[in-house]
Amino acid sequence: MSAVPESPSRPTVTEREAREVAEAAREQDWRKPSFAKELFLGRFRLDLIHPHPLPVDDDVQRGEEFLAKLRDFCETKIDGATIERDARIPDEVITGLKELGALGMKIDTRYGGLGLTQVYYNKALALVGSASPAIGALLSAHQSIGVPQPLKIFGTREQKETFLPRCARTDISAFLLTEPDVGSDPARLATTAVPEDGGDYVLDGVKLWTTNGVVADLLVVMARVPRSEGHRGGITAFVVEAASEGVTVENRNTFMGLRGLENGVTRFHRVRVPASQRIGEEGQGLKIALTTLNTGRLSLPAMCVGSGKWCLKIAREWSAAREQWGKPVALHEAVGSKIAFIAATTFALEAVVDLSSQMADEDRNDIRIEAALAKLYGSEMACLMADELVQIRGGRGFETAESLRARGERAVPAEQMLRDLRINRIFEGSTEIMHLLIAREAVDAHLSVAGDLIDPDKSLGDKAKAGAGAGLFYAKWLPKLVAGPGQLPTSYGEFKHGVDLSAHLRYVERTSRKLARSTFYAMSRWQGRMETKQGFLGRIVDIGAELFAMSAACVRAELLRSRGENGREAYQLADAFCHQARIRVEELFGRLWSNTDDLDRKVVKGVLSGTYAWLEQGVVDPSDDGPWIADATPGPSERENVHRPIR
């Protein structure tokens, strides 16, 4: 087995140092209310989301006009089968999207963009993503995490005037953070940006999985600036011209899904970047990345909503046409339950995305947890829905659309949908990382008052002071978790119209208090070891996600009823979803304290030590003997540049 050379510039950090880097990048304050944060604390603040916030009429008109144009383009210009077969989005399609203004959906009109709201931007992504998930990924990576979003929040006036008009109409952008040996641990970031006397920075390093990187004109690059006189240093964000000397796209990566994705490996060798292209201050890079993702993450669950809608359409049409034992397969309970799951979950997921997006547009609430929950929940549930569709379709679900077409049947790309959606559980924060990120935010109030108390490195004096503060906090907080409106039969009566959704909201209120009590008990039991209990924390977050989705579904159903828009049917779907969610919540609560986490840890230690290596006998390994992680030592590129700008 080949050894992996260690980059001379790769920092060596302890676990504590890595946590400190991540903690420093967090938004420390809660200056605005957060429905989800309150939910985890046992306070069901329905008033923060009901009545459902609505966009203003001008935003609706502008958004609907663009959606109509985009739908026509999707129906007449995009051939998803061709993109899947050729593993490339045709240049003329991307050119057409540029002419349509799709690159500038979220960019302000003063810079040549369309100025769409988050709500309509997400609806557009759901629409175009249904035509081709690869195109959805391209547009999302460009606007949600590429150059436009960080410049919108942190850019100078000069930077906005220079780059946003280009991003709105002609230039594709990409976001470069991940490295071959660095994923969700940015403290080990090895790409460097060394300041020179003339004011420029010199960039060296290798970036991996650069979505849009193969075709991008502009790059947001995260690099480490060394600390020196006049430079505070730290991970810093830069706008880099992709055509700069020393920038080489060394590989176009291919994946199990999203075959049209322009994702690559990009090497920087002594690339000069003017100081004027630094975003924010030195050391603010991770904070910029996380802040950008607060709303940027909503684009992914938006496309998951589109996938759910398509799954429902195919499930309905196929299950009505396909007969077994004298009746349509939809009427057999084993299949019908899957269809009910897809329908109810699609309704709830759209409710979560629309509610979070509208709150983002209004900017009255802090939605960092809501957006993260939407990403986590959407990516997981969309995969389940696509898997159920494949099962409903049987052998035809496993068969490719091209094969179905060749033998004379409707070319339904169900297996492609499943492959394309799988990456969403990894993109923009894997499910496991999202669990930890959300859990950290959910227990922020506890750590604010009791953090020093459970920190093993703090002095006795600090612990005593923290203990006094925690005592005051919990003396006020804990009694409020005993009783609430969820125990009153008349609470939330405005959600009772034929179908009774008020019972579900009472359940959410009661369960949010139970969730908070469970979290407090766990902190009391494990104290400083709480952060190692990732299985427990993941279940806590999953319960919160279900409660958020239940709340959003009920609020959306009432909105549709009040507007005379399929209100009865919306109530039925919300009711079905809430009943399904309640079963999942009760199972998760049971697994908080009854699980195999301790046994699993013992088995893992045995696996890593080779104790069970005998179990691996009897197979051959078809993988080659290359290194597990590619060498990312800085230096000049020795490979052909496969950068392919589209003009």
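The structure under discussion appears in the preceding block.
Residues numbered from 1 in each chain as written. Predicted model: local features only at pLDDT ≥ 70, side-chain atom pairs only at ≥ 80, totals over all residues. Heavy atoms only, no water.

Participant: It is not clear to me how the pairing of strand β4 (residues 218-225) should be interpreted in this structure. Could you clarify?
Facilitator: Both faces of the sheet carry side chains from a regular strand, because those side chains alternate between them. Summarising burial for β4: seven of the eight residues are buried, a large majority. Sheet topology places strand β1 (residues 173-176) next to β4; four bridges connect them, and they run parallel. Across the sheet, S173 pairs through a bridge with L218, a residue of β4. One ladder, built from eight bridges, connects β4 with strand β5 (residues 234-241); its direction is antiparallel. By the bridge assignment for β5, V221 is matched with F238. (Buried < 20%, exposed > 50% of the residue type's maximum accessible area, 1.4 Å probe, protein only. Helix = DSSP H or I, 4+ residues; strand = E, 2+ residues; numbered from the N terminus. Pairing = 2+ DSSP bridges.)

Participant: Would you mind going over the side chain of S512 with me for this structure?
Facilitator: Tracing the backbone shows S512 in helix α20 (residues 502-526). Judged by relative accessible area, S512 falls into the buried class, the value being 0%.

Participant: Whenever I open this one, the pattern of salt bridges confuses me. Can you help?
Facilitator: Where charged atoms from two side chains of opposite charge come close, those side chains can pair. One pass over the full model with this rule turns up 50 salt bridges. A salt bridge links R259 to E84; its shortest N-O distance comes to 3.2 Å. Taken together, the residues R259 in the loop between β6 (247-252) and β7 (263-273) and E84 in helix α4 (residues 80-86) connect sequence positions 175 residues apart. For R259, a relative accessible area of 37% puts it in the partly exposed group. Across the pair R407 and E409 runs a salt bridge whose closest N-O atoms are separated by 3.1 Å. For R407, a relative accessible area of 43% gives the class partly exposed. The partly exposed category is assigned to E409, whose relative accessible area is 27%. Among the ionic contacts, a cluster of salt bridges with common partners joins R88, D91, R252, E262 and R644. (Salt bridge = Lys/Arg side-chain N within 4 Å of Asp/Glu carboxyl O.)

Participant: Can you help me understand the environment of A193 in this one?
Facilitator: With respect to the helices, strands and loops of the structure, A193 is situated in strand β2 (residues 192-195). Take A193: its relative accessible area is 0%, and that puts it in the buried class. Sequence separation between A193 and T236 is 43 residues; the distance between their C-alpha atoms is 8.3 Å. Discounting residues that sit within four places of it in the chain, A193 has contacts with Y201, V202, L203, A223, R224, V225, P226 and F238. (Contact = heavy atoms within 4.5 Å.)

Participant: Whenever I open this one, the state of the cysteines confuses me. Can you help?
Facilitator: Working definition of a disulfide: a covalent bond connecting the sulfur atoms of two cysteines. Summed over the entire model, instances satisfying the criterion amount to zero disulfides. For the unlinked cysteine C383, the closest cysteine sulfur is that of C304, found at 7.3 Å. In this structure C578 is a free cysteine whose sulfur lies 3.8 Å from that of C554, the closest cysteine sulfur available. Its relative accessible area of 0% is what places C578 among the buried residues. (Disulfide = S-S within 2.5 Å.)

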